[in-house]
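# Descriptive structure summary
The chain contents come next:
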Amino acid sequence: MLTHPTLSKLEQMRLSGMATALRNQLEMPDIEAMSFMDRLGLMVDHEEAVREDRRLARRLKMAKLRLQACMANLDYRPSRGLDKRLMLHLASCQWVRRRQNVLITGPTGVGKSYVACALAHKACLENFRVRYHRLHRLLETLQLAREERTHLRLLKQLARTDVLLLDDWGLHGISRAQQRDLMELADDRYTLRSTIVTSQYPIDKWHQTMEDPTLADAILDRLVNNAHRIQLTGDSMRKVQGEQELIIKSTKS
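A brief report on the enclosed structure follows. No experiment lies behind these values; they were computed from the predicted model shown.

## Quick word on the side chain of glutamine 178
By secondary structure assignment, the location of glutamine 178 is in helix α9 (residues 176-189). Apart from the residues within four sequence positions on either side, glutamine 178 is in contact with Leu139, Glu140, Gln143 and Gly173.

## Describing the sheet that holds strand β4 (residues 194-199)
Read across the sheet, five strands follow the order β2-β3-β4-β1-β5 without closing on themselves; strand pairing throughout is parallel. Single-partner strands in this sheet number two, and they are β2 (130-134) and β5 (227-231). Geometrically, the sheet is characterised by an average inter-axis angle of 15° between neighbouring strands, direction not taken into account. As paired elements, strand β1 (residues 101-105) and β5 share five bridges and run parallel to each other. Residue pairing for β5: isoleucine 104 is matched across the bridge by isoleucine 230. Against the sheet, helix α10 (residues 213-224) makes contact with β1, β3 (163-169), β4 and β5, and its axis sits at roughly 105° relative to β1, the strand it touches most.

## Looking at the packing of aromatic side chains
A complete count under the given rule lists one aromatic pair for this structure. Both rings, one in tryptophan 169 and one in tryptophan 206, keep their centres 5.0 Å apart while their planes meet at 20°; by these two values the pair is stacked. Of the two residues, tryptophan 169 is situated in strand β3 and tryptophan 206 in the loop between β4 and α10; the sequence distance between them amounts to 37 residues. Residues tryptophan 169 and tryptophan 206 agree in their burial class; the two are buried. Across the ring face of tyrosine 76, the terminal group of lysine 84 is positioned such that the distance to the ring centre comes to 5.5 Å.

## A look at the nonpolar core
Judged by nonpolar contacts, the single largest core of 32 residues is most densely connected at Met87, Ile104, Val115, Leu119, Ile196 and Ile230. Per element, the largest residue contribution to this core is eight residues, and it comes from helix α6 (residues 112-125). Ignoring sequence-local partners within four residues, the contact set of isoleucine 230 consists of Leu82, Leu86, Met87, Leu90, Val102, Leu103, Ile104, Thr105 and Val115. If you look at the next biggest cluster of nonpolar residues, it comprises 27 residues, including Leu103, Trp169, Ile203 and Trp206.

## Considering the environment of proline 213
Inspection of the secondary structure puts proline 213 in helix α10. The spacing of proline 213 and glutamine 179 is 34 residues in sequence and 9.9 Å in space, taken between C-alpha atoms.

## A word on the packing of α9 against α10
Running from N to C, α9 and α10 point in directions that differ by 30°, and their axes come no closer than 9 Å. The pairing of α9 with α10 is recorded here as roughly parallel in orientation. As α9 packs across α10, the resulting crossing turns out to be left-handed. Contacts between α9 and α10 involve Arg176, Gln179, Arg180, Leu182, Met183, Ala186 and Asp187 on the former and, on the latter, Leu215, Ala216, Ala218, Ile219 and Arg222. Grouping the constituent residues of the contact of α9 with α10 by class yields seven nonpolar, one polar and four charged.

## Details of the environment of tyrosine 201
Its place among the elements puts tyrosine 201 in the loop between β4 and α10. In contact with tyrosine 201, other than residues within four places in its own chain, are Thr105, Trp169, Gly170, Trp206 and Thr209.

## Here we look at the side chain of glutamine 25
Within the element layout of this structure, glutamine 25 appears in helix α2 (residues 16-26). Glutamine 25 gets classed as buried once you look at its relative accessible area, which sits at 3%. A polar atom in the side chain of glutamine 25 sits 2.8 Å from the side chain of arginine 39. The residues contacting glutamine 25, other than those within four sequence positions of it, are Ile31, Arg39, Leu42 and Met43.

## Quick look at the pattern of salt bridges
Evaluation of the coordinates by the stated rule reveals 14 salt bridges. The residue glutamate 126 makes a salt bridge to lysine 122 at a minimum N-O spacing of 2.8 Å. One salt bridge connects arginine 222 with aspartate 187, and the closest N-O pair in it is separated by 2.9 Å. In this pair, arginine 222 sits in helix α10 while aspartate 187 sits in helix α9, placing the two residues 35 residues apart along the sequence. The network of salt bridges with common partners includes Arg66, Arg134, Asp167 and Asp168.

Reading the values: the criteria
Residues numbered from 1 in each chain as written. Predicted model: local features only at pLDDT ≥ 70, side-chain atom pairs only at ≥ 80, totals over all residues. Heavy atoms only, no water. Helix = DSSP H or I, 4+ residues; strand = E, 2+ residues; numbered from the N terminus. Contact = heavy atoms within 4.5 Å. Pairing = 2+ DSSP bridges. Axes fitted to C-alpha atoms, helices over the stretch in contact; angles between N-to-C directions. Phe/Tyr/Trp six-rings, centres within 6.5 Å; stacked < 30°, edge-to-face > 60°. Buried < 20%, exposed > 50% of the residue type's maximum accessible area, 1.4 Å probe, protein only. Lys NZ or Arg CZ within 6 Å of the ring centre and 35° of its normal. Core = buried A, V, L, I, M, F, W, Y, C linked by side-chain atoms within 4.5 Å. Parallel < 35°, antiparallel > 145°, perpendicular 65-115°, else oblique. Left-handed = near helix turned anticlockwise from the far one by under 90°. Nonpolar A, V, L, I, M, F, W, Y, C, P; charged D, E, K, R; others polar. Polar contact = N/O pair within 3.5 Å; in protein donor to acceptor, adjacent residues only side chain to side chain. Salt bridge = Lys/Arg side-chain N within 4 Å of Asp/Glu carboxyl O.

Structure representation (structure tokens):
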């Protein structure tokens with residue numbers, strides 16, 4: 001008699017996980033053989049799992065990762081130069097807990113963004129707050145925010161992010177004004193939060209992508225000195241995938 005009112009109250013109290021678990025129990029023929037505490041424990045466990053799934057969904061939505069990537073799907077072919085031992089170490093997210101950075105370099109199409117998004121996705125799974133940005137678009141957004149006087153608020157939001165992914169460093173030149181914003185961002189995060197950077201340029205060439213050499217020194221000093229480095233090699237993954245698709249089509253025809 002009390003089943004339906006109880007389910008209704010659980011839903012009203014936003015305990016939908018427990019409500020679902022109770023419905024499932026009611027459909028089990030031998031459920032009465034279980035003790036009250038065992039049944040309650042199952043309901044609480046289900047509620048906890050549902051809430052964690054929701055939190056993860058929110059973190060992934062906020063992260064806005066460019067690619068749906070995960071560590072389990074990384075390609076470790078020798079030609080790529082991806083160190084599996086290093087990646088397994090990074091998968092533990094100790095680098096995030098230690099407020100270290102990850103710098104990923106390599107030619108166009110070798111999968112830099114995928115590796116970066118896989119690391120960011122793993123950080124989301126480990127309850128860290130993550131945000132993805134194309135670097136040149138973020139710098140443009142910061143300049144616009146300065147004009148609209150929302151600059152400091154945006155910088156504070158970025159400073160609180162546990163893992164900030166800056167994709168495509170050097171794809172566009174970085175002006176002196178943009179360097180000042182980047183310097184503030186790097187300084188806010190240094191030893192306090194972690195940053196992932198991807199770039200087609202080798203790290204020793206990053207200096208050349210910035211207009212002001214003095215500011216460049218200060219920015220790179222905060223990004224590079226406490227960073228893990230990943231240098232990818234080999235052919236473009238897009239090219240490899242395209243060739244594989246052509247082979248599959250030719251075998252079917």
